[in-house]
Amino acid sequence: QVQPVESGGGLVQAGGSLRLSCAGSGRAFSSYAMAWFRQAPGKEREYVAAITRSGGTTYYADSVKGRATIPRDNAKSTVDLQMNSLKPEDTAVYYCAAGSGLGKSQYVYWGQGTQVTVSS
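Computed from a predicted model, the values in this text were never measured in an experiment.

S.K.: Teacher, can you tell me more about the packing of aromatic side chains here?
M.R.: When we look at a pair of aromatic rings, we describe it by the centre distance and by the angle of the planes. Overall, the coordinates contain six aromatic pairs when judged by the stated rule. An angle of 15° between the planes, with centres 4.6 Å apart, marks the rings of Tyr47 and Tyr59 as stacked. Of this pair, Tyr47 sits in strand 5 (residues 46-51) while Tyr59 sits in strand 6 (residues 58-60), and the two are 12 residues apart along the sequence. Looking at Tyr59, the relative accessible area reads 31%, which means it is partly exposed. Aromatic pair Tyr47 and Tyr107: ring centres 5.8 Å apart, planes at 55°, arrangement tilted. Note that Tyr47 is positioned in strand 5 and Tyr107 in strand 11 (residues 107-110), a separation of 60 residues in sequence.

S.K.: Honestly, the state of the cysteines in this entry has me stumped. Any pointers?
M.R.: What makes a disulfide is a covalent bond joining the sulfur atoms belonging to two cysteines. Tallied over the full model, the rule gives one disulfide. With a sulfur-sulfur separation of 2.1 Å, Cys22 is cross-linked through a disulfide to Cys96. Where Cys22 bonds to Cys96 through sulfur, the torsion about that S-S bond is close to -80°, and the disulfide is left-handed. A residue pair is termed long-range when its members are at least 10 positions apart, and Cys22 in strand 3 (residues 18-25) and Cys96 in strand 10 (residues 92-99) qualify at 74 residues.

S.K.: Before we go on, may I ask you to explain the pattern of salt bridges in this structure?
M.R.: Scanning all chains against the criterion turns up five salt bridges. Among the ionic pairs, Asp80 bridges to Arg19, the shortest N-O distance being 2.9 Å. Note that Asp80 is positioned in strand 9 (residues 78-83) and Arg19 in strand 3, a separation of 61 residues in sequence. For Asp62, the salt bridge is made with Lys65, and the minimal N-O distance between the two is 3.2 Å. Three or more residues are tied together by salt bridges with common partners; here these are Arg38, Glu46, Arg67 and Asp90.

What counts, and where the lines are drawn
Residues numbered from 1 in each chain as written. Predicted model: local features only at pLDDT ≥ 70, side-chain atom pairs only at ≥ 80, totals over all residues. Heavy atoms only, no water. Phe/Tyr/Trp six-rings, centres within 6.5 Å; stacked < 30°, edge-to-face > 60°. Helix = DSSP H or I, 4+ residues; strand = E, 2+ residues; numbered from the N terminus. Buried < 20%, exposed > 50% of the residue type's maximum accessible area, 1.4 Å probe, protein only. Disulfide = S-S within 2.5 Å. Salt bridge = Lys/Arg side-chain N within 4 Å of Asp/Glu carboxyl O.

Written out as structure tokens, the structure reads:
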């Protein structure tokens, strides 16, 4: 079992960058695929980025492709989301999740979320 805890959200201007971090408590962090989701007010939750247990395969939503990376460090039990060229439409609560694979329905452990607000 792993409990994700997000940090790093905040207010940033459009065009800027932000790095979110997720720390996974428990010794099993490296056994899980990790992902970032986001949910904006009035919208469905969006599967933003994901990375396999080994880090060998990643997934990015079209909305962030080319602007985001999802590095993980199994030694530190962390996975980050680096986002550049931020847009107002990136405003959302961002959630870190752990699961068994890259399928968006495979995530079973969720963090509390961190707010990201991008001002125009």
